[in-house]
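Chain by chain, the residues:
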Amino acid sequence: MTVQNAHLRLGVNIDHVATVRNARGGADPDPVRAALLVQNAGGDGITLHLREDRRHIRDADLDAVMAAVTLPVNLEMAATSEMSRIALSHRPHAVCIVPERREERTTEGGLNVLADEDRLRDFIAPLREARARVSLFIAPDEAQVEAAARAGAQVVELHVGAYAEHCAAREDAARDGELRKLFAAAALAQELGLEVHAGHGLNFANVGPIAAIPEVVELNIGHFLIGEALFVGLESAIREMRHQMNLARL
Ligand code: PXP
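First, a word on scope: everything that follows refers to the structure included in this document. Being a predicted model, the structure only gives us computed values, none of them experimental.

1. Digging into the overall build of the chain
Part 1 of the reasoning: Looking only at helices and strands, the chain has eleven helices and eight strands in total.
Part 2 of the reasoning: Taking 2.2 N^0.38 as the reference for a compact globule, 250 residues should give roughly 18 Å; the C-alpha atoms of the chain span a radius of gyration of 17 Å, in line with that estimate.
Part 3 of the reasoning: A principal-axis box enclosing the C-alpha atoms of the chain has dimensions of 45 × 40 × 40 Å.
Part 4 of the reasoning: Here the chain holds 250 residues, and 49% of them are scored as buried.
Part 5 of the reasoning: The contacts in the chain between residues at least 6 apart in sequence include a share of 68% that link residues at least 24 apart.
Part 6 of the reasoning: Only carbon and sulfur atoms are counted for the fraction: they give 51% of the accessible area of the chain, which is about 11500 Å².
Part 7 of the reasoning: Here the chain carries 26 positive and 36 negative side-chain charges, and the mean point of each set is 3 Å from the other.

Structure representation (structure tokens):
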């Protein structure tokens, strides 16, 4: 099987089910129910971002989702000592380290691994000893890819947010420029022995070119799928996303 045709995994980020629940308090809609639907619909993993301010997913959600599903759980978190303790006690399949600022609405950029390499190396080592697959969420920048490899990550997740914004604004030249960076970063990452994931801002219209990057083995998609679920249901939204991903790999 060529890499191009290998199964491209779809991790579904269910944070925004909790966003809707928290808008009212109470228990509905339940992220565990969403996680079980992802599993039924053929999703390959559940992604949860436990933010420092717990604005969506809370500690109890992480416990409940991990207890309910057989799919691998990917815990997105900032590189803080609190999150390290939580990851080491919960032992999710994967940990994706992301930058986090309280005032941002979503994860706005990639980690500056280059500037924080020594601290990240120390942060990653115990997670790897606990057998987590450790991923760093970075911009498609070759210096960051090299720094991620030196820091001991096994995976890089390429931030495709800039690409998604150029798609939305119909800025074709800028979009193509971002795609070139993504292709180059993905090729370099694989050369350095890193597994390559991608995510942020993906939807039915823009997922194809990202799914077609041959080194990418996993996409993590959240906000669009949860929004689309309002209209067509979560399972149907996931099945359509899977279809779009498969089309890109024909
Ligand atoms: N991957 C990472 C590392 C993220 O931080 C996010 C957003 O939380 C996503 C993927 C999913 O992005 P979106 O919700 O825009 O699909």
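Having seen the structure, we can now continue with the description.
2. Describing the packing of helix 2 (residues 31–40) against helix 11 (residues 234–248)
Part 1 of the reasoning: Direction vectors running N to C along helix 2 and helix 11 enclose 40°, while the axes themselves pass 9 Å from each other. The angle between helix 2 and helix 11 falls in the class oblique. The two elements helix 2 and helix 11 meet at a crossing, and its hand is right-handed. Mapping the contact onto sequence places Ala34, Leu37, Val38 and Asn40 in helix 2 and Leu234, Glu235, Ile238 and Arg239 in helix 11.

3. Concerning the site of the ligand
Part 1 of the reasoning: Looking at the ligand, there are 13 residues lining it, with Glu76, Glu157, Gly201, Gly222 and His223 nearest.
Part 2 of the reasoning: In the environment of the ligand, an oxygen atom lies 3.1 Å from a nitrogen or oxygen atom belonging to the side chain of glutamate 76.
Part 3 of the reasoning: Interatomic distance of 2.8 Å between a backbone N/O atom of glycine 222 and an oxygen atom of the ligand.
Part 4 of the reasoning: For the shell around the ligand, the per-class residue count stands at four nonpolar, seven polar and two charged.

4. What about the layout of surface pockets?
Part 1 of the reasoning: If you add up the space inside the largest pocket, you get close to 920 Å³.
Part 2 of the reasoning: Contributing to the lining of the largest pocket are 36 residues, with Thr106, Thr107, His200, Gly201 and His223 lying nearest its centre.
Part 3 of the reasoning: Taken together, the elements giving at least two residues each to the lining of the largest pocket come down to helix 1 (15–24), strand 2 (45–49), strand 6 (155–159), helix 7 (161–168), strand 8 (216–221) and helix 10 (223–232).
Part 4 of the reasoning: For the lining of the largest pocket, the leading source of residues is helix 7, giving six residues.
Part 5 of the reasoning: Size it by volume and the second largest pocket reaches roughly 390 Å³.

5. Here's the deal with the pattern of salt bridges
Part 1 of the reasoning: Following the criterion strictly, the structure yields 16 salt bridges and no others.
Part 2 of the reasoning: Among the salt bridges present, the one from arginine 133 reaches glutamate 195, with a minimum N-O distance of 2.7 Å. Of the two residues, arginine 133 is situated in strand 5 (residues 133–138) and glutamate 195 in strand 7 (residues 195–199); the sequence distance between them amounts to 62 residues.
Part 3 of the reasoning: Its relative accessible area of 28% is what places arginine 133 among the partly exposed residues.
Part 4 of the reasoning: Residue aspartate 172 pairs with arginine 175 through a salt bridge whose shortest N-O separation is 3.7 Å. Residue aspartate 172 and its partner arginine 175 are both found in helix 8 (residues 172–191); the two are separated by three residues, about one turn of the helix.
Part 5 of the reasoning: Each of Arg9, Arg133, Glu195 and Glu218 takes part in salt bridges that share partners, so that together they form one network.

6. Comments concerning the side chain of glutamate 228
Part 1 of the reasoning: With respect to the helices and strands, the residue glutamate 228 is situated in helix 10.
Part 2 of the reasoning: Here glutamate 228 occupies a buried position and makes no salt bridge, while the nearest side chain of opposite charge, arginine 239, is found at 13 Å.
Part 3 of the reasoning: Apart from residues lying up to four places away in sequence, glutamate 228 is in contact with Phe204, Gly233 and Ala237.

7. Looking at the packing of aromatic side chains
Part 1 of the reasoning: In this structure the tally under the stated criterion is one aromatic pair.
Part 2 of the reasoning: Measuring from centroid to centroid gives 4.8 Å for phenylalanine 204 and phenylalanine 224, while their planes differ by 80°, and the two rings are edge-to-face. Pair noted here: phenylalanine 204 is in the loop between strand 7 and helix 9 (207–211) and phenylalanine 224 is in helix 10, with a separation of 20 residues, a long-range link.
Part 3 of the reasoning: Assessed through its relative accessible area of 25%, phenylalanine 224 is described here as partly exposed.

Cut-offs applied
- Residues numbered from 1 in each chain as written.
- Predicted model: local features only at pLDDT ≥ 70, side-chain atom pairs only at ≥ 80, totals over all residues.
- Heavy atoms only, no water.
- Helix = DSSP H or I, 4+ residues; strand = E, 2+ residues; numbered from the N terminus.
- Rg over C-alpha atoms; globule rule 2.2 N^0.38 Å.
- Buried < 20%, exposed > 50% of the residue type's maximum accessible area, 1.4 Å probe, protein only.
- Contact = heavy atoms within 4.5 Å.
- Areas by Shrake-Rupley, 256 points an atom, 1.4 Å probe, with all protein chains shown as cover.
- Lys, Arg positive; Asp, Glu negative; His and termini not counted.
- Charge placed at Lys NZ, Arg CZ, Asp CG, Glu CD.
- Axes fitted to C-alpha atoms, helices over the stretch in contact; angles between N-to-C directions.
- Parallel < 35°, antiparallel > 145°, perpendicular 65-115°, else oblique.
- Left-handed = near helix turned anticlockwise from the far one by under 90°.
- Near = heavy atom within 4 Å.
- Polar contact = N/O pair within 3.5 Å; in protein donor to acceptor, adjacent residues only side chain to side chain.
- Nonpolar A, V, L, I, M, F, W, Y, C, P; charged D, E, K, R; others polar.
- 1 Å grid on protein atoms, 1.4 Å probe; cavity = no way out; pocket = protein on both sides within 12 Å on 5 of 7 lines; lining within 4 Å.
- Points joined across faces, edges and corners; volume = space filled by probe spheres on them.
- Salt bridge = Lys/Arg side-chain N within 4 Å of Asp/Glu carboxyl O.
- Phe/Tyr/Trp six-rings, centres within 6.5 Å; stacked < 30°, edge-to-face > 60°.

Treat this as a map of the structure, not an account of what it does.
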